[in-house]
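Descriptive structure summary
Okay, here's what each chain looks like letter by letter:
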Amino acid sequence: EVVNMTEQKYTTILVPVDGSKAAKLAFDRGVEIAKRNHSHLDVLNVIDLNQFTVSFAGMVDAGGDVVYQAFEDVSDYLNDLVERAHKAGLNDVSMHVRYGSPRSVIAKEFIKDHGTDLIVMGPTGANPVERLFLGSLPDELFKTGILIPVFLYFAKLALILKISYTSLQGFLIS
């Protein structure tokens, strides 16, 4: 079944971004959908403190300067995206930075706190082995029983997943 995005009405759209090219393309698509629906757009980056590696001495360097610099870099990146949305004609945009596991923060916290009714995102940054062990955001939403469309944007092909307690159905969109 082909779903026509223009027939849907969304009020609060979330675009989680990670700095990748795919995330930027998904962000642009999220801006288009938000403009068409006169929706609010939330742009979120989740800083995963697990990304800070263990040092040679076996100490995790997730303190002070490193975390602060990561926050500053993410804030600059999100500000650039918000400015990009404004230039595209969308002014109802908010940027957010959270700390934690991206899947958990998005699936268990953010969408509930902000009343999100659509997620637009690029493919995960994880490689196939990581996805096998860690799962993906749609997997996490499925586990928590949250019914929300996830629009996965792959430049020329998009996949929307309707997730419910008992079923996982994929719909192709062009």
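Residues numbered from 1 in each chain as written. Predicted model: local features only at pLDDT ≥ 70, side-chain atom pairs only at ≥ 80, totals over all residues. Heavy atoms only, no water.

Within the protein, the regular secondary structure consists of 5 helices and 7 strands. Listing the helices and strands of the protein from first to last along the sequence gives β-α-β-α-β-α-β-α-α-β-β-β. Put simply, 66% of the contacts in the protein that link residues at least 6 apart link residues at least 24 apart. Accessible surface, the protein: about 9,600 Å² in total, of which carbon and sulfur atoms supply 55%. (Helix = DSSP H or I, 4+ residues; strand = E, 2+ residues; numbered from the N terminus. Contact = heavy atoms within 4.5 Å. Areas by Shrake-Rupley, 256 points an atom, 1.4 Å probe, with all protein chains shown as cover.)

So, about the pairing of strand S1 (residues 12–16). Along S1, 5 of the 5 residues are buried, which leaves the element largely enclosed by surrounding structure. Neither face of S1 is left uncovered, since the one carrying Thr-12, Leu-14 and Pro-16 and the one carrying Ile-13 and Val-15 both have all their residues buried. With 5 bridges connecting them, S1 and strand S2 (residues 40–47) associate as parallel partners. The residue of S2 that forms the bridge with Ile-13 is Leu-41. In terms of strand pairing, S1 meets strand S4 (residues 118–121) through 2 bridges, oriented parallel. (Buried < 20%, exposed > 50% of the residue type's maximum accessible area, 1.4 Å probe, protein only. Pairing = 2+ DSSP bridges.)

Moving on, we come to the confidence of the model for the protein. Within the protein, residue pLDDT values average 76, and 63% of them lie at 70 or more. Long-range and interchain partners of residues 158–174, a stretch whose pLDDT sits below 50, account for 59 contacts in this model, where long-range means more than four residues apart. (pLDDT = per-residue confidence, 0-100.)

Ranked by size, the top nonpolar core spans 24 residues in total, and within it Ile-13, Val-17, Phe-27, Leu-41, Val-43 and Val-120 carry the most contacts. Contributing elements (two or more residues each) for this core: S1, helix H1 (21–37), S2, helix H2 (64–87), S4 and strand S5 (150–154). Tallying contributions element by element places H1 first for this core, with 6 residues. Within the second largest apolar cluster, 12 residues are counted, among which are Ile-106, Ile-111, Ile-119 and Met-121. (Core = buried A, V, L, I, M, F, W, Y, C linked by side-chain atoms within 4.5 Å.)

Moving on, we get to the pattern of salt bridges. Counted under the stated rule, the structure contains 5 salt bridges. Glu-83 is paired through a salt bridge with Lys-87; the nearest N and O atoms lie 3.3 Å apart. Here Glu-83 and its partner Lys-87 are both found in helix H2, 4 residues apart, which amounts to about one turn of the helix. Judged by relative accessible area, Glu-83 falls into the partly exposed class, the value being 43%. (Salt bridge = Lys/Arg side-chain N within 4 Å of Asp/Glu carboxyl O.)

In this structure, His-38 takes a positive phi of about 55 degrees despite not being glycine. For His-38, the position within the fold is in the loop between H1 and S2.

Glancing now at the side chain of Asp-42. Position of Asp-42 relative to the elements: it lies in strand S2. At a separation of 2.8 Å, a polar atom in the side chain of Asp-42 contacts the side chain of His-96. Here Asp-42 is in contact with Thr-12, Ile-13, Leu-14, Val-15, Ser-94, His-96, Phe-110 and His-114, once residues within four sequence places are set aside. (Polar contact = N/O pair within 3.5 Å; in protein donor to acceptor, adjacent residues only side chain to side chain.)

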